[in-house]
Amino acid sequence: MSLNQELDALTLRKVFAQHPSGVAALCADIDGEKTGIVASSFTVGVSLEPALVMFAVQKTSNTWPKLRDANRIGVSVLSERNEGVCGQIASKKGDRFHGLDTHSSADGSLFIEDSTLWLDTSIYSEVEAGDHWVVLLEVHGHKLAEHLPSIFHDSRFHSLPVPEFV
């Protein structure tokens, strides 16, 4: 078997899109301003002691430098009930949170309602990785919901089918 050696950015986007992933909104309320980004690179279970999760963000992001200064970052793993939220928060213009139901913690974590999981986090460390930053977040608290997660695969959003028990 011969492997395709083509590694340009467009090809890599198509190749990487074949790996299904959840989508998380990482948000904070910073001095009264709601700030957030979305990440399909979000990963849980990096470490149990301390409790760590991670994601990657492009170095060209205009939002990450603002979010990086937040005391706490709320991670909302988006569910099938959050249709359109990803595109809205990722938008480069307008009010990214207009019409969204959110909840802020006393420490500034900002959460999106109807998500499948909330994690209250703070930055543990940040590592340069090519054209991205890999950010490790320490988890301080969580809240689970019974909503099915939204899955990003082949550059589209999908819902997981509900398992039938017999």
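The structure we're discussing is the one just above.
A brief look at the structure comes next. (Residues numbered from 1 in each chain as written. Predicted model: local features only at pLDDT ≥ 70, side-chain atom pairs only at ≥ 80, totals over all residues. Heavy atoms only, no water.)

### Structural notes on the pairing of strand S10 (residues 132–144)
Two faces make up the sheet, and in a regular strand the side chains alternate between them. The line we're drawing: Two strands qualify as a pair provided DSSP detects at least 2 bridges between them. Starting at the N terminus, helices and strands are each numbered in turn, a helix being any DSSP run of H or I of at least four residues and a strand any DSSP run of E of at least two.
In terms of strand pairing, strand S5 (residues 51–58) meets S10 through seven bridges, oriented antiparallel. When the bridges of S10 are listed, Gln58 appears paired with His132. Bridge count between strand S9 (residues 117–129) and S10: 12 bridges; the pairing is antiparallel. Along S10, the bridge assignment pairs Ser122 with Glu138. Taking the residues between adjacent antiparallel strands as the criterion, S9 and S10 are bridged by two residues, where Gly130 takes a positive phi near 65 degrees.

### Brief notes about the pairing of strand S6 (residues 73–77)
The line we're drawing: Remark: exposure states derive from per-residue accessible area (1.4 Å probe, protein chains only) relative to the maximum for the residue type, with buried under 20%, exposed over 50%, and partly exposed in between.
Burial runs high along S6: five of the five residues are buried. Of the two faces of S6, the one lined by Ile73, Val75 and Val77 and the one lined by Gly74 and Ser76 are each fully buried. Taken together, the four bridges between strand S2 (residues 24–30) and S6 define a ladder with antiparallel strand orientation. Counted as the bridge partner of Ala25 is Ser76 from S6. Examined bridge by bridge, S6 and S9 share five bridges and lie antiparallel to one another. Note that in S9 the partner of Ser76 across the bridge is Trp118.

### Here we look at the layout of surface pockets
The criterion, for reference: Space inside and on the surface of the protein is sampled on a 1 Å grid over the protein atoms alone, with a cavity defined as a set of points where a 1.4 Å probe fits but cannot get out and a pocket as an open set with protein on both sides within 12 Å along at least 5 of 7 lines; lining residues have an atom within 4 Å of a point. Grid points are joined across faces, edges and corners, and a volume is the space filled by probe spheres set on the points. Only Asp, Glu, Lys and Arg are considered charged, only Ala, Val, Leu, Ile, Met, Phe, Trp, Tyr, Cys and Pro nonpolar, and every remaining residue, Gly among them, polar.
Computed from the structure, the largest pocket encloses a volume of approximately 1500 Å³. Taken together, 37 residues line the largest pocket, and the ones lying closest to its centre are Arg13, Val38, Ser40, Gln58 and His132. Looking at the lining of the largest pocket, the elements that each hand over two or more residues are helix H1 (9–16), strand S3 (33–39), S5, helix H3 (85–90) and strand S11 (150–153). At seven residues, the largest contribution of residues to the lining of the largest pocket is made by S3. The residue inventory of the lining of the largest pocket, partitioned by class, reads 16 nonpolar, 14 polar and seven charged. Put simply, the second largest pocket is a space of about 180 Å³. What lines the second largest pocket is a set of 14 residues, and nearest its centre among them are Asn82, Glu83, Gly84, Ser150 and Phe157. Those elements giving two or more residues to the lining of the second largest pocket turn out to be H3 and strand S12 (156–159).

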